[in-house]
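These are the residues of each chain, in order.
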Amino acid sequence: MEQISELLKKLRNQSPLVQSITNYVVMNNTANALLAAGASPIMAHAHSEVKDMVNLVGALVINIGTLDEYWSESMLIAAEHAHSIQKPWVLDPVGAGATPYRNELLSKLLPFKPTVIRGNASEIMSLTSVNIKSKGVDSTNTSDEAIEAGILLSSQTDAVVVISGEVDYIIERNRISQVKNGNPIMAKITGMGCTASALTGAFVAIEKDYMLACTAAMALMGVAGDLAAEKSEGPGTLQLHFYDALYNLQPEEFGERMIVKYP
Ligand SMILES: Nc1ncnc2c1ncn2[C@@H]1O[C@H](COP(=O)(O)OP(=O)(O)O)[C@@H](O)[C@H]1O
Ligand SMILES: Cc1ncsc1CCOP(=O)(O)O
Ligand SMILES: [Mg+2]
């Protein structure tokens, strides 16, 4: 899709500043992925500066992977402020459904109207209180169940809901786009989902058609994953080749390789 290839050019030209309040496991991964793709990361969560930083950035990404009481408060301050100034923000509900603690924070964050909710099938289903139990941070559900839940969640929250997996589904109320790129080994690399959410932040910072922005982010993830898998023997080398692919991918090849169904 020409529009999506053009967004990669726009991302590199504008290099949006993207704030992440994210987990300890993936901070370095997601900062490097944003830089490689052409964006500019800042990880900032101190209560005394988080609102000022939200004012400065193009988008905010909140990822609840490694929660504690201080960070939870940072997330609530940031989400409330982003909502109040209509700054686009992305919620990655890592481990939704796994514990009451996570579920309680998520129930406090959703009223601040995330622009995008990006999770795996289990996490998205948990957010619609579909009666499932997440197994940690990995998904254990089928796509049909998840798509139903995604449509419900999008209508409940007015967010674009992105369900990642073998096929990525990008849902805006009843509109659904699909991305079929990517490699199964990506699910064996911690931080790939968090990276998808971070790159989604970069694209919603530069494109106000959020359905298009999210589809572009997932297409970039998938095509970079395809390219990396062609050069890799496993998750260790795939992760490194992935950064190179984000950095080197040209819009022309991006357009040729992406497998996107767009409504
Ligand atoms: N089986 C698969 N085939 C192709 N791509 C996949 C597969 N599983 C995950 N991915 C890709 O890996 C990235 C992370 O997705 P996922 O593993 O669902 O997130 P999370 O790590 O949050 O559970 C996404 O870009 C997704 O498209
Ligand atoms: C393993 C783990 N534990 C808390 S956050 C995290 C990383 C999850 O990253 P992703 O959802 O991208 O796999
Ligand atoms: Mg995840």
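Residues numbered from 1 in each chain as written. Chains lettered and ligands numbered in written order. Predicted model: local features only at pLDDT ≥ 70, side-chain atom pairs only at ≥ 80, totals over all residues. Heavy atoms only, no water.

1. A short note on the overall build of the protein chain
The criterion, for reference: The way it works is that DSSP assigns letters per residue, a run of H or I at least four long becomes a helix, a run of E at least two long becomes a strand, and they are numbered from the N terminus. Computation of the radius of gyration draws on C-alpha atoms alone. For the globule rule, the value is 2.2 Å times the number of residues to the power 0.38. Think of it in three bands: residues with accessible area under 20% of the maximum for their type are buried, residues over 50% are exposed, and the middle band is partly exposed, with areas taken using a 1.4 Å probe on protein chains only. Residues count as neighbours in contact if any of their non-hydrogen atoms are within 4.5 Å of one another. Per-residue and other accessible areas were derived by the Shrake-Rupley procedure at a 1.4 Å probe size, with only the shown protein chains allowed to occlude residues. All tallies of charge rest on Lys and Arg as positive and Asp and Glu as negative; His and the ends of each chain are not included. Note that the charge is assigned to NZ on lysines, CZ on arginines, CG on aspartates and CD on glutamates.
When helices and strands are counted, the protein chain shows 11 helices and 9 strands. Over its C-alpha trace the protein chain gives a radius of gyration of 17 Å, about what one expects of a compact globule, namely 18 Å for 263 residues. With the C-alpha coordinates of the protein chain rotated into their principal frame, the extents come out at 40 × 40 × 35 Å. Taken over 263 residues, the protein chain has a buried fraction of 56%. For the protein chain, long-range pairs separated by at least 24 residues make up 71% of all intrachain contacts whose partners lie at least 6 apart in sequence. Split by element, the accessible area of the protein chain, about 10900 Å² in all, is 52% carbon and sulfur. Taken together, the 19 basic and 28 acidic charged side chains of the protein chain have centroids lying 2 Å from each other.

2. Considering the site of ligand 2
Going by this rule: Here a residue counts as near a molecule or strand whenever at least one of its heavy atoms sits within 4 Å of it. Whenever two N or O atoms come within 3.5 Å, that pair is a polar contact, provided that in protein one can donate a hydrogen and the other can accept it, and provided that, for residues adjacent in sequence, both atoms are side-chain atoms.
Close contacts around ligand 2 come from Asn 23, Val 25, Val 26, Gly 65, Thr 66, Thr 190, Gly 191, Met 192, Gly 193 and Cys 194, and that covers them all. At 2.9 Å, a backbone N or O of Gly 193 approaches an oxygen atom of ligand 2.

3. A look at the packing of helix α2 (residues 27–37) against helix α8 (residues 192–206)
In helix packing, the relevant descriptors are the interaxial angle and the interaxial distance, both defined with respect to the helix axes. Test applied: In this analysis an axis means a line fitted to C-alpha atoms, helices contributing only their contacting stretch, and an angle means the value between N-to-C directions, from 0 to 180 degrees. Note on angle classes: values under 35 degrees are labelled roughly parallel, values over 145 roughly antiparallel, values of 65 to 115 roughly perpendicular, and the remainder oblique. Rotating anticlockwise by less than a right angle from the far helix to the near helix defines a left-handed crossing, while the corresponding clockwise rotation defines a right-handed one. Under this grouping Gly is polar, as are all residues other than the nonpolar Ala, Val, Leu, Ile, Met, Phe, Trp, Tyr, Cys and Pro and the charged Asp, Glu, Lys and Arg.
Viewed as axis vectors pointing N to C, α2 and α8 meet at an angle of 45°, and their least axial separation amounts to 9 Å. Here α2 is positioned oblique relative to α8, judged by the angle of their axes. Between α2 and α8 lies a crossing whose hand is right-handed. When α2 is examined against α8, the residues Thr 30, Ala 33, Leu 34 and Ala 37 are found in contact with a partner set consisting of Cys 194, Thr 195, Ala 198, Leu 199 and Ala 202. A per-class count over the contact of α2 with α8 returns 7 nonpolar, 2 polar and no charged.

4. Quick look at the nonpolar core
As a reminder, the rule being used: By convention a nonpolar core is built from buried Ala, Val, Leu, Ile, Met, Phe, Trp, Tyr and Cys residues, the set being connected through side-chain atoms within 4.5 Å.
Within the largest apolar cluster, 51 residues are counted, with the highest numbers of intra-cluster contacts made by Phe 203, Leu 220, Phe 242 and Phe 254. Contributions of two or more residues to this core are made by α1 (2–14), α2, β3 (59–63), β6 (160–164), α8, α9 (210–231) and α10 (235–248). With 14 residues, α9 is the single largest residue contributor to this core. Those residues in contact with Leu 220 that sit more than four places away from it in its chain are Leu 8, Ala 37, Leu 199, Phe 203, Leu 246, Leu 249 and Phe 254.

5. A word on the UniProt feature "binding site: substrate" (unreviewed entry) in the protein chain
We count it as follows: UniProt positions are given in the numbering used here, feature names are shortened, and annotations may be inferred rather than shown by experiment.
The UniProt record annotates "binding site: substrate" (unreviewed entry) at Met 43 and Gly 191. With respect to the helices and strands, Met 43 occurs in strand β2 (residues 40–43). Residue class for Met 43 comes out partly exposed when judged on its relative accessible area of 27%. In contact with Met 43, other than residues within four places in its own chain, are Ser 20, Thr 22, Met 27, Thr 30 and Ala 31. With respect to the helices and strands, the residue Gly 191 is situated in the loop between β8 (175–179) and α8.

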